[in-house]
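If you want the building blocks of each chain, they are given just below.
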Amino acid sequence: MAQCEQFTTPVDAVLSRMRALDARLPGRDGVAVFNRVYLTVTEAVDRHIDAGLFPDARAAITLDVRFAERYLTAVETAEEGLRPPACWRPLFQMRRHPGVRPLQFALAGINAHIGHDLALAVVDACRSLGCEPTDLEDEFDRVGDLLISLEEQIREELMPGPDLFQIADPLTHLLGSWSLERARDATWAAARALWALRRLPELAGEFTERLDAAVGLAGRMLLTPLRD
């Protein structure tokens, strides 16, 4: 009897690249911290796709892969000694700072990826699929819901200890200034604006540059070194 042939999907390919990163980066490295979080999210998306929980599997795969490729390209750009997008620079610059806690690294990566990369990934997916952003809204929302459901788990796993819940702890104040849900809402608005500007490349480029810079500034704030 012939054995069933194993097919590699585009999602499998990006998962393989993330797992390779996880295997070679030091555990305390800030990029490694975010990569583990994102690998968990992407594996969850893959399981949801396989289980038929996305209304349009092709759209979900396209968005998921375009999204992941932007992060992986940023990592490769930094490894080659080139300048990644501004939203990612704080994480790459601070990745080995002893005063930055793992939870800060994780949320700074999520901030860069959601605040900047996801908006551009929506536009990339729309071009690939020949559709409008509104056609991807269900897939966008489901990916966002997975991220939000994992955020609490991420905070619990990476919080160093119960003392951090004290009101005086600086990390409590720092993390209170950023919200994944608000970032997701802003990203959806940015994706729609970029799609509306697609025939005005100069304006679209300026909008993208300003979005990149603003998300990078938020990331730098999230990575403020703190005393233990």
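Let me begin by describing the structure that accompanies this report. In this text, all values refer to a predicted model and were calculated from it rather than measured experimentally.

Basis of the calculations
Residues numbered from 1 in each chain as written. Predicted model: local features only at pLDDT ≥ 70, side-chain atom pairs only at ≥ 80, totals over all residues. Heavy atoms only, no water. Salt bridge = Lys/Arg side-chain N within 4 Å of Asp/Glu carboxyl O. Helix = DSSP H or I, 4+ residues; strand = E, 2+ residues; numbered from the N terminus. Buried < 20%, exposed > 50% of the residue type's maximum accessible area, 1.4 Å probe, protein only. Disulfide = S-S within 2.5 Å. Core = buried A, V, L, I, M, F, W, Y, C linked by side-chain atoms within 4.5 Å. Contact = heavy atoms within 4.5 Å. Expected span 1.5 Å × (residues − 1). Polar contact = N/O pair within 3.5 Å; in protein donor to acceptor, adjacent residues only side chain to side chain. Bend = angle between axes of the 7 residues up to and from the residue. Phe/Tyr/Trp six-rings, centres within 6.5 Å; stacked < 30°, edge-to-face > 60°.

### Some remarks on the pattern of salt bridges
With the rule as written, the count across this model stands at eight salt bridges. Where Glu-76 meets Arg-17, a salt bridge forms, and the shortest distance between an N and an O atom there is 2.7 Å. In this pair, Glu-76 sits in helix H3 (residues 57-79) while Arg-17 sits in helix H1 (residues 10-24), placing the two residues 59 residues apart along the sequence. A residue is classified by how much of its surface remains accessible, and Glu-76, at 33% relative accessible area, is partly exposed. Its salt-bridge partner being Asp-145, residue Arg-184 comes within 2.9 Å of it at the nearest N-O pair. With a gap of 39 residues between them, Arg-184 in helix H8 (residues 180-196) and Asp-145 in helix H6 (residues 137-158) connect regions that are remote in the sequence. Looking at Arg-184, the relative accessible area reads 11%, which means it is buried. Residue class for Asp-145 comes out partly exposed when judged on its relative accessible area of 42%. Put simply, Asp-29, Arg-95 and Arg-96 are held in one network by salt bridges that share partners.

### Focus on the state of the cysteines
Applying the stated rule across the entire model yields zero disulfides. Distance from the sulfur of Cys-126, which forms no disulfide, to the nearest cysteine sulfur (Cys-131) is 4.1 Å. By relative accessible area, Cys-126 is classed as buried at 1%.

### So, the nonpolar core
The tendency in soluble globular proteins is for nonpolar side chains to be buried side by side. Judged by nonpolar contacts, the single largest core of 71 residues is most densely connected at Tyr-38, Tyr-71, Trp-88, Ile-110, Ile-114, Val-122 and Leu-136. For this core, the secondary structure elements donating two or more residues are H1, helix H2 (30-50), H3, helix H4 (89-94), helix H5 (102-129), H6, H8 and helix H9 (201-222). Looking at this core, the element that brings in the most residues is H5, giving 17 residues. Excluding residues within four positions of it along the chain, Ile-110 makes contact with Phe-34, Val-37, Gly-115, Ile-154, Trp-178 and Leu-180.

### A closer look at H3
In a regular helix each residue adds 1.5 Å, so 23 residues correspond to 33 Å; H3 covers 33 Å between its end C-alpha atoms and thus fits that length. The backbone nitrogen of Arg-58 lies 3.2 Å from a side-chain oxygen of the residue at the head of H3, namely Asp-56. Of the residues flanking the end of H3, it is Gly-81, one or two places downstream, whose phi is positive at about 80 degrees.

### Concerning H6
At 3.6 residues per turn, the α-helix brings residues three or four places apart onto the same side. When the terminal C-alpha atoms of H6 are compared, their 31 Å separation across 22 residues agrees well with the 32 Å that a helix rising 1.5 Å per residue should span. Approximately 30 degrees is the largest bend angle found in H6, and it occurs at Glu-151. Of all the residues in H6, the buried ones are Glu-139, Phe-140, Val-143, Gly-144, Leu-146, Leu-147, Leu-150, Glu-151 and Ile-154.

### Some thoughts on the packing of aromatic side chains
All chains considered together, the criterion is met by eight aromatic pairs. With 5.5 Å between their ring centres and 85 degrees between their planes, Tyr-38 and Tyr-71 make a pair best called edge-to-face. Taken as a pair, Tyr-38 in helix H2 and Tyr-71 in helix H3 lie far apart in primary sequence, 33 residues in all. Ring centres of Trp-88 and Phe-92 lie 6.2 Å apart, and the angle between their planes is 35 degrees; on these two criteria the pair is classed as tilted. You'll find Trp-88 and Phe-92 in the same group, each marked buried. Through a chain of ring-to-ring contacts, the aromatic side chains of Phe-34, Tyr-38, Phe-67, Tyr-71, Trp-88 and Phe-92 assemble into a single cluster.

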